[in-house]
Amino acid sequence: MTASPDLGTSRTASPELLRSVFRQHAAGVAVITAAGAGPVGFTATSLNSVAAEPPLISFGVGTSSSSWPVLAEAEHVGVHILGEDQQELAATFARSGADRFGPSTDWHRGPEGVPLLGGVVAWLVCRVVARIPAGDHRIVIAEVTAGDPSRSGRPLVYHQGRFTALRD
């Protein structure tokens, strides 16, 4: 076997190596919300469909996140698929210390009291069924209980450290 000239040099595993590789991976952008003493939420690129029967999703959340204390106890979460026109909303929910549910955010309480964001491409309300330790994160697995996929539009994507849109 011969080495391919475009493979480059292997680097030792590290958080920076993982971040560098995943900057090359385009991911859909979602906002996860939950209700506690006040609403909480964060931008996630780790959203996955897990199973169709029963309908399960998963996402990762850092245990140092300001949203984690509420998510650690929440029975239900909101999952919002953002559209390409919602870069500012994604940035607001990604920014530490931001007033995520302030006057500039269109939201209301939905099923199970979950904060639902307006104008998103699609949303789900899900019942949390597991929180699995994974390093400095938890993988949350949740079962879909309600949702609305009816707004048409193209999804927002995260790639190379920035929010962007799909290109034809």
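Data block above holds the structure.
Here the structure is a predicted model, which is why all the values come from computation and not from measurement.

Engineer: Please give an account of the sheet that holds strand β9 (residues 122–134) that cites residues and values.
Structural biologist: What the seven strands build is an open sheet, ordered β3-β2-β6-β9-β10-β5-β4; its pairing is antiparallel. Taken across any chain shown, the strands that pair with only one partner, and hence form the sheet edges, are β3 (39–44) and β4 (48–51). Ignoring strand direction, the axes of neighbouring strands in this sheet form an average angle of 35°. The sheet contact formed by β9 and strand β10 (residues 137–148) spans 11 bridges and is antiparallel. Bridged to Ile-132 within β10 is Ile-139. In the packing of helix α3 (residues 87–94) onto the sheet, contacts are made with β2 (30–35) and β3, and the angle to β3 comes to roughly 115°.

Engineer: If you had to explain the packing of aromatic side chains to someone new, which residues and values would you point to?
Structural biologist: Taken as a whole and assessed by the stated rule, the structure comprises four aromatic pairs. Taking the centre distance of 6.0 Å and the plane angle of 55° together, the rings of Phe-42 and Phe-59 count as tilted. Of this pair, Phe-42 sits in strand β3 while Phe-59 is found in strand β5 (residues 56–62), placing the two residues 17 residues apart along the sequence. Taking the relative accessible area as the measure of exposure, Phe-42 reaches 8% and is therefore buried. Given the relative accessible area of 1%, Phe-59 is considered buried. With a centroid separation of 5.2 Å and 90° between ring planes, the pair formed by Phe-93 and Phe-101 is classed as edge-to-face. Just as Phe-93 is buried, Phe-101 falls in that class too.

Engineer: Which residues make up the pairing of β5, and what values go with them?
Structural biologist: Summarising burial for β5: seven of the seven residues are buried, a large majority. Residues Leu-56, Ser-58, Gly-60 and Gly-62 line one face of β5 and the alternating positions Ile-57, Phe-59 and Val-61 line the opposite face, and both faces are buried. As judged from the three bridges shared by β4 and β5, these two strands associate in the antiparallel manner. Bridge pairing in β5 links Ala-51 to Leu-56. The hairpin formed by β4 and β5 contains four residues between the paired strands. As paired strands, β5 and β10 are joined by seven bridges and run antiparallel to one another. When the bridges of β10 are listed, Leu-56 appears paired with Glu-143.

Rules of the game
- Residues numbered from 1 in each chain as written.
- Predicted model: local features only at pLDDT ≥ 70, side-chain atom pairs only at ≥ 80, totals over all residues.
- Heavy atoms only, no water.
- Pairing = 2+ DSSP bridges.
- Helix = DSSP H or I, 4+ residues; strand = E, 2+ residues; numbered from the N terminus.
- Axes fitted to C-alpha atoms, helices over the stretch in contact; angles between N-to-C directions.
- Contact = heavy atoms within 4.5 Å.
- Phe/Tyr/Trp six-rings, centres within 6.5 Å; stacked < 30°, edge-to-face > 60°.
- Buried < 20%, exposed > 50% of the residue type's maximum accessible area, 1.4 Å probe, protein only.

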